[in-house]
Amino acid sequence: MPKKKCGFGFSCASMMMQPGLEVDECPNYKTCGSASELTAEEEVELIRVRQIQASQRQRELEYVQEIIKINRRQAAIMMLKSRACPQSLESLSIYELINQVGASLNELRSRLTEFEGQYIAPEKCEVHTYSVKRPRFHLTEQGVESYRRAYQYNKLTATEAIFEPSERQAKVRVIHLGNSDDSRNLEAREGIERRNKVTQVRTKLKLIEQALADALALL
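What counts and what doesn't
Sequence order sets the numbering: in each chain, residues are counted from 1 along the sequence as written. The model is predicted, so local features are restricted to residues of pLDDT at least 70 and side-chain atom pairs to those at 80 or more, both for listing and for counting; the totals for chains, interfaces and linings are taken over all residues. Based on all heavy atoms of the structure, the side-chain values leave hydrogens and waters out of the count. Exposure above 30% relative accessible area and the absence of a salt bridge qualify a residue for a patch, where like charges join within 9 Å and nonpolar side chains (Val, Leu, Ile, Met, Phe, Trp, Tyr) within 5 Å. For the accessible areas, the method is Shrake-Rupley and the probe is 1.4 Å, while residue cover comes only from the protein chains on display. Any carboxyl oxygen of Asp or Glu within 4 Å of a side-chain nitrogen of Lys or Arg constitutes a salt bridge here. By definition, any uninterrupted DSSP run of H or I lasting at least four residues is a helix, any uninterrupted run of E lasting at least two residues is a strand, and each is numbered from the N terminus. With a 1 Å grid spanning the protein atoms alone, the term cavity applies to any set of points in which a 1.4 Å probe fits but cannot get out, the term pocket to an open set with protein on both sides within 12 Å along at least five of seven lines, and the term lining residue to any residue with an atom within 4 Å of a point. Grid points are joined across faces, edges and corners, and a volume is the space filled by probe spheres set on the points. Residues are grouped as follows: Ala, Val, Leu, Ile, Met, Phe, Trp, Tyr, Cys and Pro are nonpolar; Asp, Glu, Lys and Arg are charged; every other residue, Gly included, is polar. Stacked, tilted and edge-to-face are the three classes applied to pairs of Phe, Tyr and Trp rings, where Trp contributes its six-membered ring and a pair requires centres within 6.5 Å; stacked means planes under 30 degrees apart, edge-to-face means over 60, and tilted covers the rest. In this scheme, Lys NZ or Arg CZ marks a charge over a ring once it lies within 6 Å of the ring centre and within 35 degrees of the ring normal. Pairs of cysteine sulfur atoms within 2.5 Å are identified as disulfides in what follows. Summary of the burial criterion: residues with accessible area below 20% of their type's maximum are buried, those above 50% are exposed, and those between are partly exposed, where the area comes from a 1.4 Å probe applied to protein chains only. Each nonpolar core is a collection of buried residues, namely Ala, Val, Leu, Ile, Met, Phe, Trp, Tyr and Cys, held together in the definition by side-chain atoms within 4.5 Å. Whether two residues are in contact is decided by their heavy atoms, any of which lying within 4.5 Å being enough. pLDDT expresses how confident the predictor is about each individual residue, on a scale running from 0 to 100.

Asks: Which residues make up a nonpolar patch on the surface, and what values do they have?
Replies: Judged by side-chain polarity, Leu89, Leu92, Ile94, Tyr95 and Ile98 come together as a nonpolar surface patch covering roughly 460 Å² of accessible area. Along the polypeptide, isoleucine 98 turns up in helix 4 (residues 94-112).

So, in structure tokens, the structure goes:
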């Protein structure tokens with residue numbers, strides 16, 4: 001003879017707080033047996049036993065029998081939450097990850113303050129080194145000899161005219177930075193490094209933004 005089962009899928013022993021209680025001995029047996037005939041929203045009354053603390057001063061527990069009204073959908077949720085190893089946002093580390101993301105963003109914001117007040121170069125511009133040959137004169141026993149010597153200089157060059165001019169009114173593509181030891185050259189090169197770091201951070205933040213948008217779209 002096939003073993004009888006609860007029509008809602010409950011554990012009768014757990015529902016009634018009676019270990020070893022068989023399905024056909026459960027006071028809900030007939031009601032649960034009609035589960036397949038109910039609509040999704042039609043309610044039935046079930047008997048349930050719960051444990052409660054006898055009093056705030058006493059640790060003893062007592063059993064209380066109560067009647068609950070429930071429909072098929074609510075019963076399914078109740079059964080799954082009692083038997084199907086239910087998880088939560090906490091157990092799946094969702095809130096922990098949200099807090100970690102928030103902490104990382106705060107740390108990122110804090111570290112980015114070091115760029116405030118510093119020169120950050122615009123995109124699509126670089127520092128280039130170029131050579132210029134200039135005549136030099138040297139006094140010898142035979143007289144004055146001349147030769148050409150190469151001097152290296154640096155310039156900040158953009159793909160289009162975006163820099164403010166030093167003399168004329170129209171914007172320019174090139175700013176001259178002097179020799180390699182010139183502070184203008186050193187600061188401009190550091191500005192390029194800052195820009196590269198910041199734009200890489202921007203790329204990562206855009207990926208995070210898209211990932212969060214995808215996460216929101218799932219809900």
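Asks: Lay out the layout of surface pockets with the relevant residues and their values.
Replies: The calculated volume of the largest pocket comes to roughly 290 Å³. As for the largest pocket, its lining consists of Ile94, Leu97, Ile98, Val101, Leu212, Ala215, Leu216, Leu218 and Leu219. Counting residues per element, the ones that place at least two in the lining of the largest pocket are helix 4 and helix 5 (183-218). For the lining of the largest pocket, a count of residues per class yields nine nonpolar, no polar and no charged.

Asks: Just give me the short version of the packing of aromatic side chains, but keep the residues and values in it.
Replies: Counting across every chain of the model gives two aromatic pairs. When the ring of tyrosine 130 is compared with that of tyrosine 153, the centres are 6.1 Å apart and the planes differ by 35 degrees; the resulting orientation is tilted. With a gap of 23 residues between them, tyrosine 130 in strand 3 (residues 125-140) and tyrosine 153 in strand 4 (residues 143-158) connect regions that are remote in the sequence. Geometry around tyrosine 130 places lysine 155 over its ring, the cationic atom sitting 5.1 Å from the centre.

Asks: If you had to explain the state of the cysteines to someone new, which residues and values would you point to?
Replies: Here the structure, examined in full by the defined rule, presents zero disulfides. Not part of a disulfide, cysteine 32 finds its nearest cysteine sulfur in cysteine 6, a span of 3.7 Å.

Asks: Before we move on, can you summarise the pattern of salt bridges with the specific residues and values?
Replies: Counting across every chain of the model gives eight salt bridges. Residue arginine 195 is joined to glutamate 126 by a salt bridge in which the shortest nitrogen-to-oxygen separation is 3.0 Å. Of this pair, arginine 195 sits in helix 5 while glutamate 126 sits in strand 3, and the two are 69 residues apart along the sequence. The class of arginine 195 is buried, set by a relative accessible area of 6%. Linked by salt bridges that have partners in common, Arg48, Arg50 and Glu66 make up one network.

Asks: Give a detailed account of the nonpolar core, specifying residues and quantitative values.
Replies: In terms of nonpolar packing, the biggest core is built from 20 residues, with Phe8, Phe10 and Leu46 touching the most fellow members. Excluding its chain neighbours within four sequence positions, the residues that come into contact with phenylalanine 10 are Met15, Leu46, Ala75, Met78, Met79 and Arg83.

Asks: Lay out the confidence of the model for the protein with the relevant residues and their values.
Replies: On average, the protein scores 88 in pLDDT, and the residues at 70 or more come to 90%. Taken element by element, the predicted model of the protein shows its lowest mean pLDDT in strand 3 (81) and its highest in helix 5 (97).

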